[in-house]
Amino acid sequence: MLLVLAVLLVIVIDVVRNGVSRLTLDFLSKGPSEGMTAGGILPAIVGTVAMVVLMTVAALPAGVATAVYLHEYASPTAVTTRIIRVAVNNLAGVPSIVFGLFGLGFFVQFAGRGIDKVFFGGAKVYGQPALLWAALTMAVLTLPVVIVATEEALAAVSRDVRLASAALGATRFQTVVRVVLPQAVPGILTGAILAVSRGAGEVAPILFTGAAYFLPTLPHALHDQFMQLGYHVYVLATQSPDVDATRPLLYSTVLVLLGLTFALNASAIVVRSRMRRKLGSHA
Amino acid sequence: MNYGAAQVIAPAQSGHLSVTQLSVYYGDKKAMGPVDMHIPGRQVTALIGPSGCGKSTFLRSLNRMNELIPGCRVEGEVKLDDEPIYGSNVDAVAVRRRIGMVFQKSNPFPKSIYENVAYGLRIGGVNDRSELGGRIERALEQAALWDEVKDRLHESALGLSGGQQQRLCIARALAVEPDVILMDEPASALDPIATARIEELIHELARSYTVVIVTHNMQQAARVSHHTAFFFMGDLVEFDRTDVIFTKPRRPKTEDYITGRFG
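Just so we're clear, the structure is a prediction, and the values are computed from it rather than from any experiment.

Hey, could you run me through helix H6 (residues 131-156) of chain A in this one?
In an α-helix, one full turn covers 3.6 residues, which means residues spaced three or four apart are oriented alike. Residues and elements named next belong to chain A. Between the first and last C-alpha of H6 there are 36 Å, a value that for 26 residues agrees with the 38 Å anticipated at 1.5 Å per step. Along H6, the sharpest kink reaches roughly 45°, centred on Thr142 and followed within four residues by the proline Pro144. Where burial is concerned, most of H6 is hidden: 22 out of the 26 residues are buried.

Spelled out as structure tokens, the structure:
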């Protein structure tokens, strides 16, 4: 316990001490320049946020729907239910770089090229690494987190209110939508928080599916490539011709990445506690 | 006070239930039956018997709530006003709209008082504000709760006392205007004063609804019901006017139970 705290403190203090000096408004509002030894990280911040938002939009409905099916509809002993559960658990154990390769193979090469063939006459629009594909790949990676958290939230909704709803002539669907899900929202948001933190920090899944080494402009469309903070840290640390010159920038980038993750978490926690208070329960 | 004493078995009225050869199984194990019983409309029928005698199982089979228990199977027939509720073309959801239920533990939704009572109406497609308002007021009045909550309709139902919560659950069940209200030990978790209010209410409800109540409390059965059914080991032992059951039961088993010799 203390050890964990100490490690965390050392990391945070080191990052803040070395990173705070370069953390200016320019750094946050400009693109990188002069071979990444100067300028800022705005494209990486925007890219990270855009990717995480898209990922959440994709993963949350799919994950919640899966969990609702598994917990509210499927028979717990049915073969299909067991297969889905095994699949979800295995999905959670797959190394993230494998998700990257999967994203490249399935989303970029298969789905993207398919879209290009059908809608763009074979021109390369979606058939290349892009924000959309990176976000979807990350959504697949975070899906198990959302599913597990949602299932736990559903299980916490008491049987009493389900029975009450049924006794009033509600169908199962009405009970799920009007009684069970509203009570499960705080738990689902917990899942979303975990997914977002994971998605903001992972780099491997987006290596081949959308993250760019360097872009002077911000992403404008779903099929644009984008810069991402985690990947930018990797680039600054290992791919720069002059590592000493980029080190201060590196620290500041890490600081921003940490700050962004904390901010995303904190806002979700605030939303969750508001919902809890509104429900008047401690679920 | 014995509400049941002066009543006679009434002719078939709207809201009466006919039970024919009804048996309930959990998996392969028979939990109850076969039971034949005619529950008269617009009266209170009490189901008594020791724990595990099948009275709650019987109650749940009257509005098909037992179908929510995995492995539960029902044989036989239940008719509400001569319409079979277990027919292959009958929707359990539709049955539960006509035969409502109040549970042992009050279970209001974590919503406002207003939304709790509105719930059954809303899922039934009533969304007109003035209609909702009128029916909610009527239901709360019928449940003798209106005066206590009329100024706080939009506050959480979880802020009410236990007795108020249970009356809210009754109001919620009344709002959809069912023919029959089933009650599974509705007062067993309440203090004596709250219990008295619920009993008064049950008696009052019998003017407009058929009430079937499971109770562990024999004084309660004697106080509120017109008819009483005694269940033992999954069988219906005796069913008669409440005054008959409590003064001169025909079966020795019934007498043993009501005099407290067992159970």
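I'm lost on the packing of helix H7 (residues 159-167) of chain A against helix H8 (residues 172-201) of chain A in this one. Help?
Any two packed helices are characterised by the angle at which their axes cross and by the distance between the axes. All names here are of chain A. It is at 10 Å that the axes of H7 and H8 come closest, and there the two elements cross at 140°. Between H7 and H8, the crossing angle belongs to the class labelled oblique. When you trace H7 past H8, the crossing you get is right-handed. Residue-level inspection shows Val161, Arg162, Ser165 and Ala166 of H7 in contact with H8, the latter providing Thr175, Val179 and Val180. When grouped by side-chain class, the residues that make up the contact of H7 with H8 number 4 nonpolar, 2 polar and 1 charged.

Quick question: what am I supposed to make of the sheet that holds strand E8 (residues 210-214) of chain B here?
The strands that make up a sheet pair up through hydrogen bonds in the backbone, lying either parallel or antiparallel. All names here are of chain B. Read from one edge to the other, the open sheet built from 6 strands follows the order E6-E7-E8-E3-E9-E10, with strand pairing classed as mixed. Across the chains shown, the open sheet's two edge strands, defined by having one partner strand only, are strand E6 (99-102) and strand E10 (235-241). Along the sheet, successive strands turn relative to each other by an average axial angle of 20°, direction set aside. Both strand E7 (residues 180-184) and E8 contribute to a ladder of 5 bridges, which runs parallel. Counterpart to Val180 in the pairing with E8 is Thr210. Across the sheet, helix H7 (residues 192-205) lies against strand E3 (44-48), E7 and E8, angled at about 145° from E8, the strand it touches most.

What's the story with the nonpolar core in this structure? I'm lost.
For soluble globular proteins, nonpolar side chains are generally found buried alongside one another. Of all hydrophobic cores here, the largest spans 152 residues; its most connected members are Val146(A), Leu47(B), Ala171(B), Val211(B) and Ile213(B). The greatest single-element share of this core, amounting to 17 residues, is contributed by H6(A). In this structure, Val146(A) is in contact with Ala59(A), Leu60(A), Gly63(A), Val64(A), Gly191(A), Ala192(A) and Ala195(A), ignoring residues within four places of it in sequence.

What is the right way to look at the sheet that holds strand E4 (residues 72-80) of chain B in this model?
Residues and elements named next belong to chain B. Taken in spatial order, the 4 strands line up as E2-E1-E4-E5 in an open sheet, and their pairing is antiparallel. Because the sheet does not close on itself, it has two edges, and the strands there are strand E2 (29-39) and strand E5 (83-84). Pairing analysis gives 8 bridges linking strand E1 (residues 17-26) to E4, with the strands arranged antiparallel. Residue pairing for E4: Thr20 is matched across the bridge by Glu77.

Just checking my understanding: could you explain unusual backbone geometry for this structure?
If a residue is not glycine, its phi is most likely negative; likewise, a peptide bond is most likely trans. Residue and element names in this part refer to chain B. Phi angles above zero are rare outside glycine, and Gln21 is one such case at about 50°. Mapped onto the fold, Gln21 is located in strand E1. Here Gln21 falls in the exposed class, since 11 other C-beta atoms lie within 10 Å of it. With a phi angle near 45°, Glu185 is a residue other than glycine that sits in the positive phi range. With respect to the helices and strands, Glu185 occurs in the loop between E7 and H7.

Before we go on, may I ask you to explain the interface of chain A and chain B in this structure?
A common measure of how large an interface is: the accessible area buried when the components associate. Contacts between the two partners involve 17 residues from chain A and, on the opposite side, 21 residues from chain B. Ranked by residues supplied to the side of chain A that touches chain B, first place goes to H7(A) with 6 residues.

Any chance you could explain helix H4 (residues 129-142) of chain B here in plain terms?
Compared with the 20 Å implied by 1.5 Å per residue over 14 residues, the 20 Å span of H4(B) between its first and last C-alpha is a close match. Those residues of H4(B) hidden inside the fold are in contact with helix H3 (113-123), helix H5 (146-149) and helix H6 (162-175) of chain B.

Calculation rules
- Residues numbered from 1 in each chain as written.
- Chains lettered and ligands numbered in written order.
- Predicted model: local features only at pLDDT ≥ 70, side-chain atom pairs only at ≥ 80, totals over all residues.
- Helix = DSSP H or I, 4+ residues; strand = E, 2+ residues; numbered from the N terminus.
- Expected span 1.5 Å × (residues − 1).
- Bend = angle between axes of the 7 residues up to and from the residue.
- Buried ≥ 20, exposed ≤ 12 C-beta atoms within 10 Å, placed from the backbone.
- Axes fitted to C-alpha atoms, helices over the stretch in contact; angles between N-to-C directions.
- Parallel < 35°, antiparallel > 145°, perpendicular 65-115°, else oblique.
- Left-handed = near helix turned anticlockwise from the far one by under 90°.
- Contact = placed C-beta atoms within 7 Å.
- Nonpolar A, V, L, I, M, F, W, Y, C, P; charged D, E, K, R; others polar.
- Pairing = 2+ DSSP bridges.
- Core = buried A, V, L, I, M, F, W, Y, C linked by C-beta atoms within 7 Å.

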